[in-house]
Amino acid sequence: MNFDNYIFDFDGTLADSKQCSIEATKEAFAQFGLTEPSDSEIIHYMGIPIEKSFMEMSDRFLSEEALDQLIQLFREQYQQFEARYLCSYSGIAETLDQLSRQNKQMFVVSSKKTNVLQRNLEHLGLSRFIKEAIGSDKVKHYKPDPDGLQYILQNHNLNPANSIYIGDAIFDIQMAKAAGIKSCAVTWGSHSSKDLISENPDYVLSEVDEIIRVL
């Protein structure tokens, strides 16, 4: 293992939340009287905060108040769907445990709100491995802006050369590059291998155990 610091995305990287997000988004849009976005459209925007993606997917202009109401509906629905759909990918817990045994530092930078992210990590039994998890409320600028990674690097005094960001979306690769650290794309999440490779990540992994074997 070449790195000391492993920074992970959450949705689509550590956790399979795809169906949870799809169902919650469609239900929120329907309740709000908006046209439900397609599965593929929802999947495309996974990885950036819903404050941005919902504006992109809405079939009409949303005022700040309307957007806040839509987001609240989504969060209520998401929490209901969590128990049924949210799960960690096979081998993730074992991989994080191995990294921990090697004294690697692990962090999470996500587009979720921090309290929801922490709740999800605890629900999946992964929080014990993570030194700090931060969400979109901890940064001024969302992915692919490097604010989230810079926060982790600065607050934990990490050497960028020994740090890597691992994610499943093109926005994750773009963020890592903007932060000046190595990027790793994983193909088991939301974005296709073709789209990920087009961003020229430093590593592309197709199996969870490659986090240990390759990085």
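Description of the structure in this document. This structure is a prediction, so every number in the text was calculated from the model and none was measured.

The next point concerns the side chain of Ser110. Residue position: Ser110 is located in the loop between β4 (105–109) and α6 (114–123). At 3.0 Å, the side chain of Ser110 forms a polar contact with the backbone nitrogen of Lys112. Not counting the four nearest positions on each side in its chain, Ser110 is found in contact with Asp9, Phe10, Asp11, Leu117, Ile134, Gly135, Ser136 and Lys143.

Glancing now at the layout of surface pockets. Here the largest pocket defines a volume of roughly 460 Å³. As for the largest pocket, its lining consists of 30 residues, and the residues nearest its centre are Asp11, Ile50, Phe74, Tyr78 and Lys112. Elements supplying a minimum of two residues to the lining of the largest pocket: α1 (18–31), α2 (39–45), α3 (50–57), α4 (64–85) and α6. The biggest single contributor to the lining of the largest pocket is α4, with six residues. Looking at the lining of the largest pocket residue by residue, the classes come out as 11 nonpolar, 11 polar and eight charged.

A word on helix α7 (residues 147–155). Among all positions of α7, only Asp147, Gly148, Leu149, Ile152 and Leu153 are buried. Buried residues belonging to α7 abut β1 (5–8), β4, β5 (132–134), β6 (163–167) and α8 (170–179). Asn157 occupies a position one or two residues after α7 and carries a positive phi of about 55°.

Inspection of every chain in the model, using the stated rule, returns two cavities of 30 Å³ or more. There is about 90 Å³ of room inside the largest cavity. Lining the largest cavity are 15 residues, and of these Val109, Ser110, Ser136, Val139 and Lys143 sit closest to its centre. Residues of the lining of the largest cavity, tallied by class, amount to six nonpolar, six polar and three charged. Each pocket or cavity is described by its volume, and for the second largest cavity that value is around 50 Å³. If you go around the second largest cavity, the residues you meet are Asp11, Gly12, Ser17, Lys18, Met46, Tyr89, Asp168, Gly189 and Ser190.

Glancing now at the sheet that holds β1. Sheet architecture is open: six strands sit in the order β5-β4-β1-β6-β7-β8, paired in parallel fashion. The sheet is open, and its two borders are formed by β5 and β8 (203–205), each paired with just one other strand. Taken pair by pair, the neighbouring strands of this sheet meet at an average axis angle of 20°, ignoring direction. Each of β4 and β5 touches α6; the most contacted strand, β5, lies at about 135° to it. Each of β4, β6 and β7 (182–186) touches α8; the most contacted strand, β7, lies at about 170° to it.

Moving on to the packing of aromatic side chains. On inspection of all chains with the given rule, the structure shows seven aromatic pairs. Taken together, Phe29, Phe54, Phe74 and Tyr78 form an aromatic cluster joined through their ring pairs.

To continue, consider α3. Listed in full, the buried residues belonging to α3 are Ile50, Glu51, Ser53, Phe54 and Met57. Taken together, the buried residues of α3 touch α1, α2 and α4.

Contact geometry of α4 with α6 gives a least axis separation of 12 Å together with a crossing angle of 10°. As the angle between them shows, α4 and α6 are arranged roughly parallel. Contact residues: Tyr78, Gln79 and Glu82 in α4; Val116, Arg119, Asn120 and His123 in α6. Looking at side-chain class alone, the contact of α4 with α6 contains two nonpolar, three polar and two charged residues.

Our next topic: the pattern of salt bridges. For the structure on display, the rule yields 11 salt bridges. A salt bridge links Glu51 to Arg75; the shortest N-O distance between them is 3.5 Å. Pair noted here: Glu51 is in helix α3 and Arg75 is in helix α4, with a separation of 24 residues, a long-range link. Taking relative accessible area as the criterion, Arg75 reaches 28% and is therefore assigned partly exposed. For the salt bridge of Asp209 with Arg213, the shortest nitrogen-to-oxygen distance reads 3.1 Å. For Asp209, a relative accessible area of 40% puts it in the partly exposed group.

The rules behind these values
Residues numbered from 1 in each chain as written. Predicted model: local features only at pLDDT ≥ 70, side-chain atom pairs only at ≥ 80, totals over all residues. Heavy atoms only, no water. Helix = DSSP H or I, 4+ residues; strand = E, 2+ residues; numbered from the N terminus. Polar contact = N/O pair within 3.5 Å; in protein donor to acceptor, adjacent residues only side chain to side chain. Contact = heavy atoms within 4.5 Å. 1 Å grid on protein atoms, 1.4 Å probe; cavity = no way out; pocket = protein on both sides within 12 Å on 5 of 7 lines; lining within 4 Å. Points joined across faces, edges and corners; volume = space filled by probe spheres on them. Nonpolar A, V, L, I, M, F, W, Y, C, P; charged D, E, K, R; others polar. Buried < 20%, exposed > 50% of the residue type's maximum accessible area, 1.4 Å probe, protein only. Pairing = 2+ DSSP bridges. Axes fitted to C-alpha atoms, helices over the stretch in contact; angles between N-to-C directions. Phe/Tyr/Trp six-rings, centres within 6.5 Å; stacked < 30°, edge-to-face > 60°. Parallel < 35°, antiparallel > 145°, perpendicular 65-115°, else oblique. Salt bridge = Lys/Arg side-chain N within 4 Å of Asp/Glu carboxyl O.

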